[in-house]
Amino acid sequence: MGEIGIYHGNIVFSKTEKELAEYRNGYIVVERGVVEGIYERVPDRFCGVPVRDFDSGVMIPAFSDLHTHAPQYPQRGVKTDALLKEWLEKYTFPLEGRFSDPEFADAVYDAFIGDMIRRGTMHVVTFGTIHEQATGMLIEKLEKKGIDAYVGKVNMDENGPEYLCERKEDSLSVTERFLEKYCANRRAKPILTPRFAPTCSGELLTGLGKLAKKYDVGMQTHLVESLWEKKETLRLFPDCSCDTEVYEKAGLFGHGPLVGAHFIFPSEEDIRLLNRYSGYAVQCPEATVNVIAGIMPTALLSERGVKLGLGSDVAAGQSLGIFSQAAKSVQLSKIKSFYEPENKVVSFAQAFFMATKQGGSLFGKTGSLEKGYAFDALVIDGLSDEFAPLSPVETVERFCYAGSADNILARFLRGCEIG
Ligand code: GUN
Ligand code: FE
């Protein structure tokens, strides 16, 4: 009975967008890294297989971070005294400029990956920088850890500082080399990453569209993230009716995952186009209140069938913990609903769904503990008080609202314990 693991404890995962499944004192059987089933008692056919007991611990799916910037990790939680445009120019671009130094990149990317795993994130879509060598190091490090990832070498050829502005031809040839080198990766894969429309020429985007087709690769960018960005994009691309159309016209859609970070101010056309290509809109709750100042109409997008995920968006966001982003997603929806009652409040179940099962769907069968899903899982504990014990679902809720990485007792990636 090699390659079988049996774990005893409480189990919580998203059944649907609206409902969490809860098992008390259950046994989860994992075969070759995949959940075989959840049982009240260990079935006879597994007799003799040792059981690992997590006692009062709660097993939950590991988290998926659908939007972050690994190179901005050194800036988390500081330099948030400016909004997007000024924040980029004053702080973030100079930091990214330092990734021309591979030694700096090496140290930052090790710290970033370590912190991300410690906080229970096992799947990530991340920006690198424009730098080929540094971004190569990031993708190699993630691959080595076995983390499911999409990693982008950033493209930008306009409206940035000289040290981050590429020549269009160089941007395209370096990107093509990056795609060729890493497209055979098993876990950490490349994704096209035009930074956002204000820093990309139409010709650069069209060139990237050709690469998308040639290499059958998806794309990530920042989409309708602020009123300034939305207005600036329509000024720079007057023949497009919305931000999303800029990338669609360039041929960037339909070749792999499509990830639009923020999606805070979408028009009807933005929503229609994202849905047509089954794109994900990623809410980044901390970034929203630190450098963007807008709230995604999450409930409304969900009603419209948009696929949703959560992102840490470090360093606009301060923490790599997707669990705390889930709580903040609920909190932000209450503020939005107060000022704009047509936007409904997001339930905790829905936010957890975005953080796990829905976000995880971008990477394959992960983000749930149902039969057939990868056992990418966390065990959390230490959240109940003696005088007020919590149910397993309440334990998960308190973890997201008031817990920390210290509450994660064990981490599993495809059935193997890591971290
Ligand atoms: N828009 C363009 N670049 C960035 C970035 O680095 N962070 C965020 N949050 N938004 C951006
Ligand atoms: Fe971002």
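As shown above, the structure is provided for reference.
Note that the structure is a prediction, hence the values are computed from the model and not measured.

Colleague: Would you mind going over the overall build of the chain with me for this structure?
Modeller: Helix and strand counts for the chain come out as 13 helices and 17 strands. In summary, the chain has a C-alpha radius of gyration of 21 Å against a globular reference of 22 Å for 419 residues, a match within 12%. With respect to the three principal axes, the spread of C-alpha positions in the chain is 65 × 50 × 40 Å. For the chain, the proportion of its 419 residues judged to be buried stands at 61%. Residue pairs at least 24 apart in sequence account for 74% of intrachain contacts in the chain once pairs closer than 6 positions are excluded. Roughly 16500 Å² of accessible area belongs to the chain as shown, and the carbon and sulfur atoms make up 50% of that amount. Of the side chains in the chain, 47 bear a positive and 58 a negative charge, and the two mean positions are spaced by 2 Å.

Colleague: Which parts of the structure should I look at to understand the site of ligand 1?
Modeller: Around ligand 1 sit His69, Gln72, Leu84, Trp87, Leu88, Arg195, Phe196, His222, Glu225, His262, Asp313 and Ala316, and that is every residue in its neighbourhood. One nitrogen or oxygen atom from the side chain of arginine 195 is found 2.7 Å from an oxygen atom belonging to ligand 1. Between ligand 1 and the protein, one listed contact pairs a nitrogen atom with a side-chain N or O atom of glutamate 225 at 2.6 Å. Relative to its unbound accessible surface of 270 Å², ligand 1 loses 100% to contact with the protein. Under a 2 Å grid-point criterion requiring more than half of the atoms, the pocket assigned to ligand 1 is the largest cavity.

Colleague: Would you mind going over the coordination of the iron ion (ligand 2) with me for this structure?
Modeller: Octahedral six-donor coordination of a metal ideally yields angles of 90 or 180 degrees, compared with 109.5 degrees for tetrahedral four-donor coordination. Looking at the iron ion (ligand 2), the protein donor atoms are His67 (NE2), His69 (NE2), His222 (NE2) and Asp313 (OD), and they sit 2.0 to 2.3 Å from it. For the iron ion (ligand 2), the four donor atoms in the first shell make angles of 88 to 176° at the metal, so the coordination geometry reads as irregular. According to the relative accessible area criterion, histidine 67 is buried, its value standing at 1%.

Colleague: Would you mind going over the packing of aromatic side chains with me for this structure?
Modeller: Here a ring pair, both rings aromatic, is described through the centre-centre distance and the interplanar angle of the planes. Under the defined criterion, the tally for this structure stands at 20 aromatic pairs. Each ring, one from phenylalanine 54 and one from phenylalanine 412, has its centre 6.3 Å from the other, and the planes form 75°; the classification is edge-to-face. One end of the pair, phenylalanine 54, is in strand S4 (residues 51-61); the other, phenylalanine 412, is in strand S16 (residues 408-413), and 358 residues separate them in sequence. Site record: aromatic cluster; members linked through ring pairs are Phe63, Phe323, Phe348, Phe352, Phe399 and Tyr401. The residue whose ring lies beneath arginine 76 is tyrosine 73, and the NZ or CZ to ring-centre distance is 4.0 Å.

Colleague: How do you make sense of helix H3 (residues 132-145) when you look at a structure like this?
Modeller: Each turn of an α-helix holds 3.6 residues, which means side chains three or four residues apart point in the same direction. Over its 14 residues, H3 extends 20 Å from the first C-alpha to the last, a length consistent with the 20 Å expected when each residue adds 1.5 Å. Every buried residue of H3 is listed here: Ala134, Thr135, Gly136, Met137, Leu138, Ile139, Lys141 and Leu142. If you follow the buried residues of H3, they end up packed against helix H2 (102-118), strand S6 (121-127), strand S7 (148-152), helix H4 (168-182) and strand S9 (188-190).

Reading the values: rules and limits
- Residues numbered from 1 in each chain as written.
- Chains lettered and ligands numbered in written order.
- Predicted model: local features only at pLDDT ≥ 70, side-chain atom pairs only at ≥ 80, totals over all residues.
- Heavy atoms only, no water.
- Helix = DSSP H or I, 4+ residues; strand = E, 2+ residues; numbered from the N terminus.
- Rg over C-alpha atoms; globule rule 2.2 N^0.38 Å.
- Buried < 20%, exposed > 50% of the residue type's maximum accessible area, 1.4 Å probe, protein only.
- Contact = heavy atoms within 4.5 Å.
- Areas by Shrake-Rupley, 256 points an atom, 1.4 Å probe, with all protein chains shown as cover.
- Lys, Arg positive; Asp, Glu negative; His and termini not counted.
- Charge placed at Lys NZ, Arg CZ, Asp CG, Glu CD.
- Near = heavy atom within 4 Å.
- Polar contact = N/O pair within 3.5 Å; in protein donor to acceptor, adjacent residues only side chain to side chain.
- 1 Å grid on protein atoms, 1.4 Å probe; cavity = no way out; pocket = protein on both sides within 12 Å on 5 of 7 lines; lining within 4 Å.
- Sits in = over half its atoms within 2 Å of the grid points.
- Donors = N, O, S within 2.8 Å, 3.2 Å for Na, K, Ca; no water.
- Tetrahedral: all angles 85-135°; square planar, octahedral: opposite > 155°, others 65-115°.
- Phe/Tyr/Trp six-rings, centres within 6.5 Å; stacked < 30°, edge-to-face > 60°.
- Lys NZ or Arg CZ within 6 Å of the ring centre and 35° of its normal.
- Expected span 1.5 Å × (residues − 1).

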